Amino acid sequence: MADTQDQALAGLRTQIDAVDREMLDLLNRRAGLAQKVGEIKKHQGSLVFRPEREAAVIAGLKQHNPGPLKNDNIAPIWREIMSACRALETPTRVAYLGPAGTFSEQAALGFFGSSIVRVPCSNIDEVFHVTSAGAADFGVVPVENSTEGGVARTLDLLLSTPLFIVAETSLFVRHNLLRAQDSLEGIQAVCAHPQALAQCQGWLAQHLPHAERRPVSSNAEGARLAAQDPSLAAIASTRAGSEYGLHLVAPAIQDDAHNRTRFAVLTQPEQHPSPRASGNDCTSLVVSVLNRPGALHDLVLPLKQHDVSMTRFESRPARSGGQWEYYFYIDLQGHPDDAKVTAALKELRANCAFFKVLGTYPLDTH
């Protein structure tokens, strides 16, 4: 019986090896076609990276997937393939909140694939700066978290800089307590990004009530500090733990088991046009209205009249001398190529004291 099973296993492995070689031949064939596309784009002066095109490719593959491969696995596989093919034309430089092991790095690699030039930055301001200066082709920044809401610094910089959004990606965020020693004993401070500390406050209050909560620029920076000081612990990813040789003291300590963070992919408008309609798009705005009765009602009324769905509405105080004025960040479902979206935006703009389109882009394909 055992001999028969061994023979069957050997036969299946031989078939897998043959399929792998066929796949390699097909991948190289695809890479050759991608190179030809790149040559045409170079002559035309076209862009190498088109987020709506990649989103359409992945959506089409999911639609025609017969299984048993799960649809959730399609996007990560094909993003790596497209990343490797894209790198044959021009390596893509991507800025994100570093150092190694951050969720921002994970989001950047998940969206662009690993065949990129990584540009880790010490804070969100630097991601905007290096992308605005052209030192990176794209920047990846956290926009909102399912537990804590909008990332304030990102929202403020979207308002005040010329960068705009060309894509989004979301990430399941699993926070872990990491430490040089495999114990909760003797922890004097827990280091993490302020958002991570807030997302784990229930667990920390129960298990480490007397430990200091020490905000740092990123979770990976917290892991780096914890590796140097045995009195510190960090909240970070397992990737960061491996990077800095830390023990996984307590896994998944986030208060929300379904905690997700949404990231925006940013670039310069003069170097990258707004993505074309993909059929599953989002338009992001920031607006302000005059302080008068009914102003907010008048702001959203055009959306109802033109049957345009609002998927997000968030306010941020305007820095205007303490007058309690606000900017409103709005996500709309749809693309300006759609006549009803165009009409709604035109009327909405007329009702605003300030109006800025932050980007129109395909929704996350994961």
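Our subject is the structure that appears above.
The notes below deal with the structure included here. (Residues numbered from 1 in each chain as written. Predicted model: local features only at pLDDT ≥ 70, side-chain atom pairs only at ≥ 80, totals over all residues. Heavy atoms only, no water.)

Quick look at the overall build of the protein chain now. On a plain count of helices and strands, the protein chain comes out with 12 helices and 15 strands. For the protein chain, the C-alpha atoms occupy an extent of roughly 85 × 60 × 40 Å along the three principal directions. Looking at the protein chain residue by residue over its 366 residues, the buried ones come to 45%. Counting contacts in the protein chain only where the partners sit at least 6 residues apart, residues at least 24 apart contribute 76% of the total. About 18,500 Å² of surface is accessible on the protein chain, with carbon and sulfur atoms providing 54% of the total. One way to put it: in the protein chain the 34 positive side-chain charges average out to a point 4 Å from where the 39 negative ones average out. (Helix = DSSP H or I, 4+ residues; strand = E, 2+ residues; numbered from the N terminus. Buried < 20%, exposed > 50% of the residue type's maximum accessible area, 1.4 Å probe, protein only. Contact = heavy atoms within 4.5 Å. Areas by Shrake-Rupley, 256 points an atom, 1.4 Å probe, with all protein chains shown as cover. Lys, Arg positive; Asp, Glu negative; His and termini not counted. Charge placed at Lys NZ, Arg CZ, Asp CG, Glu CD.)

Think of two packed helices as two axes; the pair is described by the angle between the axes and how far apart they sit. Direction vectors running N to C along helix α5 (residues 124-132) and helix α6 (residues 152-160) enclose 30 degrees, while the axes themselves pass 9 Å from each other. As far as their axial angle goes, α6 and α5 are roughly parallel. Like other packed secondary-structure pairs, α5 and α6 cross with a definite hand, here right-handed. Mapping the contact onto sequence places Ile124, Asp125 and Phe128 in α5 and Arg153, Thr154, Leu157 and Leu158 in α6. A per-class count over the contact of α5 with α6 returns 4 nonpolar, 1 polar and 2 charged. (Axes fitted to C-alpha atoms, helices over the stretch in contact; angles between N-to-C directions. Parallel < 35°, antiparallel > 145°, perpendicular 65-115°, else oblique. Left-handed = near helix turned anticlockwise from the far one by under 90°. Nonpolar A, V, L, I, M, F, W, Y, C, P; charged D, E, K, R; others polar.)

Here helix α2 (residues 51-63) contains 13 residues, and its C-alpha end-to-end distance of 18 Å stays within 8% of the 18 Å for a straight helix at 1.5 Å per residue. Among all positions in α2, only Pro51, Glu52, Glu54, Ala55, Val57, Ile58 and Lys62 are buried. On its buried face, α2 is in contact with α3 (74-87), β5 (164-172) and β15 (354-362). (Expected span 1.5 Å × (residues − 1).)

The next point concerns the sheet that holds strand β12 (residues 281-288). The strand order β13-β14-β12-β15 describes an open sheet built from 4 strands, whose pairing is antiparallel. For this open sheet the edge positions go to β13 (310-317) and β15, each flanked by a neighbour on one side alone. The mean angle between the axes of side-by-side strands here comes to 15 degrees, regardless of whether they run parallel or antiparallel. Note that β12 and strand β14 (residues 326-333) share 6 bridges and pair antiparallel. Across the sheet, the residue bridging to cysteine 282 is glutamine 333, located in β14. Docked against the sheet, helix α11 (residues 295-305) engages β12, β13 and β14, running at close to 155 degrees with respect to β13. (Pairing = 2+ DSSP bridges.)

This part covers the pattern of salt bridges. One pass over the full model with this rule turns up 18 salt bridges. Across the pair glutamate 144 and arginine 262 runs a salt bridge whose closest N-O atoms are separated by 2.9 Å. With a gap of 118 residues between them, glutamate 144 in strand β3 (residues 138-145) and arginine 262 in strand β11 (residues 260-267) connect regions that are remote in the sequence. The salt bridge involving glutamate 212 is made with arginine 214; its shortest N-O contact spans 3.0 Å. With relative accessibility at 39%, the residue glutamate 212 sits in the partly exposed group. (Salt bridge = Lys/Arg side-chain N within 4 Å of Asp/Glu carboxyl O.)

Looking now at the nonpolar core. Ranked by size, the top nonpolar core spans 23 residues in total, and within it Ala95, Phe128, Val141, Ile165 and Leu266 carry the most contacts. At the level of elements, β2 (116-121), α5, β3, α6, β11, β12 and β15 are the ones that each hand at least two residues to this core. With sequence-adjacent residues up to four places away left out, leucine 266 is seen in contact with Phe128, Thr131, Asp137, Phe138, Gly139, Val141, Leu158, Leu163, Phe164 and Ile165. One finds Ala108, Val166, Leu171 and Val173 within the second-largest nonpolar core, a separate group that totals 19 residues. (Core = buried A, V, L, I, M, F, W, Y, C linked by side-chain atoms within 4.5 Å.)

Moving on, we come to the sheet that holds strand β8 (residues 212-215). Pairing within the open sheet is mixed, and its 5 strands lie in the order β8-β7-β9-β6-β10. Edge positions in the open sheet fall to β8 and β10 (247-250), since each of these has one partner strand only. Strand-to-strand, the axes of this sheet are offset by a mean angle of 35 degrees, without reference to chain direction. By the bridge criterion, 3 bridges tie strand β6 (residues 176-179) to strand β9 (residues 232-236) in an arrangement that is antiparallel. Each residue of the ladder has a partner; that of leucine 177, found in β9, is isoleucine 235.

Another aspect to go through is the pairing of strand β7 (residues 189-192). Side-chain direction in a regular strand flips from residue to residue, so the side chains alternate between the two faces of the sheet. Going residue by residue along β7, you find Ala189 and Cys191 tucked away on one face and Val190 and Ala192 tucked away on the opposite face as well. Looking at chain direction, β7 and β8 are connected through 4 bridges and run parallel. Its bridge partner lying in β8, valine 190 is registered against arginine 213. When β7 meets β9, the two strands line up parallel, connected through 3 bridges. Looking at β9, one finds that alanine 189 is bridged to leucine 232.

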